[in-house]
Amino acid sequence: MRNVYTVKQVNSYIKNMFTQDFMLNRIYVKGEVSNCKYHTSGHIYFSLKDESGTIACVMFAGSRAGLSFRMKEGQQVIVLGSISVYERDGKYQLYAREIVPDGAGLLYEKFEALKKELAEMGMFAPEYKQPIPKYVRTVGIVTAPTGAAVRDIINIAGRRNPYVQLILYPALVQGEGAAESIVKGIHALEAKQVDVIIVGRGGGSIEDLWAFNEEAVARAVFDCTVPVISAVGHETDTTITDYVADLRAPTPSAAAELAVYEYREVKETMLNCAQRMRRAVLIRADAQRARLKQMELRLKFAHPRQKLNEKRQYCVELEDRLRNLMDRRLIAEKHRLALSAEKMKGLSPLEKLNQGFSFVQDENGRNIKSIRQVRQGERLTVYVTDGKIETEVISAAGTEYPGTEKAPGGGA
């Protein structure tokens, strides 16, 4: 009883074998849809069958982006996915990542190849996307002249803003020559210098929409100097033009809404702005009127007459202050002069003369204070209280007075 394995081990081993098989990790399987069930969780459970057998399939909710249509019983499809084992039941099944209708498989591969090539060239890069003008005057439309798409665009645009001009280039959007017709339409409307271009059509199969997957159309959209809105098919339909365009709209109606601004909203916004502006002007006018009154009051106080009166009053006050200062200064100077006069009076020679003193000058007007200043025979003038006396030196002798040193004697 050697080499005995559990069911789990066997199922894990088989699953590992499937996982290591490169072909089973990416495989295309075509067949007829059977037992298709859309689960509330978002998963899709179905089977693929042909005349010889059946294989269980599941598409998880996270992979639903790879399904652009709703599957029906008996529908022929091609499923891209991987085959692995569900260990709990020990059954293998196909885990679908992408599902396309049978017959579109080759086109789908071509679509993916061109998408990859253009992406590597940078044609999908966001930095090359042009902004859609917010307020347009002319809208160019490249689509079939008949059909739901053009009617939807005209109706939506007319309802949103009847003043926007719509210029239609009637193009082929399906079949032979469709790509060339679309390219010519883009160039023609670009030459017309419209504000924005809508390129699109109604929904359909991948074969019907293939003109919008052509490289020529993609390059025309990428090189267009006018912003382009792609509106091809329904929301689930995706084309190369959607990736290259400056903006993708899920439907033609949505493209019209994105391209044409709502006139009533703009008008209402302008009315609201006008009301706010009017209120702001009134508030500003009231504020300036109040400020003007304040300035008027300030000007009244700052009037030259008022200033002149204030200066006159100030001059009068200064004059009074100056007069008072002069009076006080005169009184102080008179008092000081009186004191000085008294001092001078005490020092005056005339005062001394009145007290019985006299003073002597020589012929040159020098005061004689010592006998050494005179010579015998020199003429002197003696000033007394009531006059002067002319005299001549006969002799000079020294005399000692109390409290003084003895003067040197000697005659002249």
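Scroll up to find the structure this text is about.
What counts, and where the lines are drawn
- Residues numbered from 1 in each chain as written.
- Predicted model: local features only at pLDDT ≥ 70, side-chain atom pairs only at ≥ 80, totals over all residues.
- Heavy atoms only, no water.
- Salt bridge = Lys/Arg side-chain N within 4 Å of Asp/Glu carboxyl O.
- Buried < 20%, exposed > 50% of the residue type's maximum accessible area, 1.4 Å probe, protein only.
- Disulfide = S-S within 2.5 Å.
- Helix = DSSP H or I, 4+ residues; strand = E, 2+ residues; numbered from the N terminus.
- Contact = heavy atoms within 4.5 Å.
- Pairing = 2+ DSSP bridges.
- Axes fitted to C-alpha atoms, helices over the stretch in contact; angles between N-to-C directions.
- Patch = residues over 30% accessible without salt bridge, like charges linked within 9 Å, V, L, I, M, F, W, Y side chains within 5 Å.
- Areas by Shrake-Rupley, 256 points an atom, 1.4 Å probe, with all protein chains shown as cover.
- Right-handed = clockwise from strand over helix to strand, strands pointing away.
- Core = buried A, V, L, I, M, F, W, Y, C linked by side-chain atoms within 4.5 Å.
- Phe/Tyr/Trp six-rings, centres within 6.5 Å; stacked < 30°, edge-to-face > 60°.
- Lys NZ or Arg CZ within 6 Å of the ring centre and 35° of its normal.

Quick notes on the pattern of salt bridges
By the definition in use, this model includes 12 salt bridges. Put simply, Asp242 and Arg248 hold a salt bridge, and the shortest N to O gap is 3.3 Å. Arg248 gets classed as partly exposed once you look at its relative accessible area, which sits at 30%. The salt bridge partner of Asp362 is Arg366, with a shortest N-O separation of 2.8 Å. Classification of Asp362 by relative accessible area gives buried; the value is 4%. For Arg366, a relative accessible area of 48% corresponds to the partly exposed category. Linked through salt bridges whose partners overlap, the residues forming this network are Arg160, Glu262 and Arg264.

Concerning the state of the cysteines
Throughout the structure, instances matching the rule amount to 0 disulfides. Free cysteine: Cys57, not disulfide-bonded; nearest cysteine sulfur from Cys36 at 10 Å.

A look at helix 8 (residues 252-259)
Note on helix geometry: an α-helix contains 3.6 residues per turn, so any two residues three or four positions apart are oriented the same way. Residues Pro252, Ala254, Ala255, Ala256 and Ala259 constitute the buried set of helix 8. Contacts from the buried residues of helix 8 go to helix 4 (148-160), strand 8 (196-201) and strand 9 (228-232).

Quick word on the environment of Gly122
In this fold, Gly122 is placed in the loop between helix 3 (105-120) and strand 6 (138-143). Judged by relative accessible area, Gly122 falls into the buried class, the value being 15%. When the C-alpha atoms of Gly122 and Arg372 are compared, they prove to be 131 Å apart, with 250 residues separating the residues in sequence. Those residues in contact with Gly122 that lie beyond four places of it in its chain are Tyr128 and Phe222.

A few points about the sheet that holds strand 8
If you trace the 5 strands from one edge of the open sheet to the other, you get 7-6-8-9-10, paired in parallel fashion. Whereas interior strands pair on both sides, the edge strands pair on one side only; in this sheet they are strand 7 (165-170) and strand 10 (247-248). Packing of helix 5 (residues 178-191) onto the sheet brings it into contact with strand 6, strand 7 and strand 8, and relative to strand 7 it is tilted by some 150°.

Quick word on a nonpolar patch on the surface
Together, Tyr5, Val10, Tyr13, Ile14 and Met17 give the surface a local cluster of nonpolar side chains, amounting to about 520 Å² of exposed area. Using a relative accessible area of 37% as the deciding quantity, one classes Val10 as partly exposed.

Quick look at the pairing of strand 1 (residues 27-38)
Where strand 1 and strand 4 (residues 76-86) come together, 6 bridges link them in antiparallel fashion. Across the sheet, Gly31 pairs through a bridge with Val77, a residue of strand 4. In the sheet, strand 1 pairs with strand 2 (residues 44-49) via 5 bridges, with the strands oriented antiparallel. Counted as the bridge partner of Tyr38 is Ile44 from strand 2. Here strand 1 folds back onto strand 2 in antiparallel fashion, the turn holding 5 residues, of which Gly42 has a positive phi close to 105°.

Digging into the pairing of strand 9
In terms of burial, strand 9 is a largely internal element, 5 of the 5 residues being buried. Where strand 8 and strand 9 come together, 5 bridges link them in parallel fashion. Along strand 9, the bridge assignment pairs Gly200 with Ala231. Tracing the backbone out of strand 8, into helix 6 (residues 215-223) and back to the parallel element strand 9 gives a crossover that is right-handed. Looking at chain direction, strand 9 and strand 10 are connected through 2 bridges and run parallel.

Notes on unusual backbone geometry
What is expected of a backbone is that most residues other than glycine have negative phi and most peptide bonds are trans. Backbone geometry places Asn35, a non-glycine residue, at a positive phi of 55°. Tracing the backbone through its elements, the reader meets Asn35 in strand 1. Positive phi outside glycine occurs at Gln193, with the angle close to 60°. Assignment of secondary structure puts Gln193 in the loop between helix 5 and strand 8.

Focus on the nonpolar core
Of all hydrophobic cores here, the largest spans 34 residues; its most connected members are Val142, Ile182, Ile186, Ile197 and Val199. Listed by contribution, the elements that provide at least two residues to this core are helix 3, helix 5, strand 8, helix 6, strand 9 and helix 7 (240-244). Top contributing element to this core by residue count: helix 5, with 6 residues. Ile27, Phe46, Leu48 and Cys57 belong to the second largest nonpolar core, which has 22 residues in total.

Describing the packing of aromatic side chains
For the structure shown, the criterion picks out 6 aromatic pairs. Their ring planes at 40° and their centres at 5.9 Å tell us that Phe60 and Tyr95 sit as a pair that is tilted. Here Phe60 is found in the loop between strand 3 (54-59) and strand 4, whereas its partner Tyr95 is found in strand 5 (residues 91-101), with 35 residues between them in sequence. Looking at Tyr95, the relative accessible area reads 18%, which means it is buried. Their ring planes at 75° and their centres at 5.6 Å tell us that Tyr128 and Phe222 sit as a pair that is edge-to-face. Placement of the pair is Tyr128 in the loop between helix 3 and strand 6 and Phe222 in helix 6, with a sequence separation of 94 residues. For Arg70, the ring lying beneath its charged end belongs to Tyr38, and the centroid distance is 4.0 Å.

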